[in-house]
Amino acid sequence: MAADNGTRPQVPAAFRGQVARSVDATGLRCPLPLLRLKVALQQVADGELVEVLATDPGSVADFQSFARLSGNAIVHRGETAGHYLYLVRKNAANAEGDTP
């Protein structure tokens, strides 16, 4: 996802080039950011990363609960100026290894 004049959190260097799908859920309220993540996860293989950018503060609790219940892992979460960035690894327990 492109930077927005420094207001959006950036994917850490350790994960750049590893993102299989990006989801822009900015402006969407609960439960839409989570639903967009679920659709994206269906489109990637186990162990791949999905990047989600959201602006809903409720997404923090929603994504944490979803990860705990689904077997997917939030490998990074960042926040800048009301923008939330999540990197979610699909079926982390089934993945070969967890880089960075």
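Everything in this summary refers to the structure shown in the same document. What you are looking at is a predicted structure, and each value in this text was computed from that prediction instead of being measured.

### Details of the sheet that holds strand β2 (residues 49-54)
Moving on, step 1. Strand order across the open sheet formed by four strands is β1-β2-β4-β3, with mixed pairing between neighbours. Each edge of the sheet is formed by a strand with only one pairing partner; in this case those strands are β1 (19-25) and β3 (73-80). Across the sheet, the mean angle from the axis of one strand to that of its neighbour is 15 degrees, orientation sign disregarded.
Moving on, step 2. Judged from the six bridges that link them, β1 and β2 form a sheet pairing that is parallel. In the sheet register, alanine 25 faces β2, and the bridge partner there is alanine 54.
Moving on, step 3. Set on the sheet, helix α2 (residues 59-70) makes contact with β2, β3 and β4 (83-89); between it and β4 the angle comes to about 10 degrees.

### Considering the pairing of β2
Moving on, step 1. Counting buried positions along β2 gives six out of six residues, so the element sits mostly inside the fold.
Moving on, step 2. Of the two faces of β2, the one lined by Leu49, Glu51 and Leu53 and the one lined by Val50, Val52 and Ala54 are each fully buried.
Moving on, step 3. Bridging between β2 and β4 involves six bridges; their strand directions are antiparallel. Note on β4: the bridge partner recorded for leucine 49 is arginine 89.

### Thoughts on the side chain of aspartate 56
Moving on, step 1. Among the structural elements, aspartate 56 can be located in the loop between β2 and α2.
Moving on, step 2. Judged by its relative accessible area of 4%, aspartate 56 falls in the buried class.
Moving on, step 3. A polar contact is formed between the side chain of aspartate 56 and the backbone nitrogen of cysteine 30, at a distance of 2.8 Å.
Moving on, step 4. There is a polar contact of 3.0 Å between the side chain of aspartate 56 and the backbone nitrogen of glycine 58.

### Focus on unusual backbone geometry
Moving on, step 1. Residues cysteine 30 and proline 31 are joined by a peptide bond in cis, for which omega reads 5 degrees.
Moving on, step 2. Here proline 31 lies in the loop between β1 and α1 (32-42).
Moving on, step 3. Non-glycine residue alanine 81 carries a positive phi angle of around 50 degrees.
Moving on, step 4. Within the secondary structure, alanine 81 sits in the loop between β3 and β4.

Procedures and definitions
- Residues numbered from 1 in each chain as written.
- Predicted model: local features only at pLDDT ≥ 70, side-chain atom pairs only at ≥ 80, totals over all residues.
- Heavy atoms only, no water.
- Pairing = 2+ DSSP bridges.
- Helix = DSSP H or I, 4+ residues; strand = E, 2+ residues; numbered from the N terminus.
- Axes fitted to C-alpha atoms, helices over the stretch in contact; angles between N-to-C directions.
- Contact = heavy atoms within 4.5 Å.
- Buried < 20%, exposed > 50% of the residue type's maximum accessible area, 1.4 Å probe, protein only.
- Polar contact = N/O pair within 3.5 Å; in protein donor to acceptor, adjacent residues only side chain to side chain.

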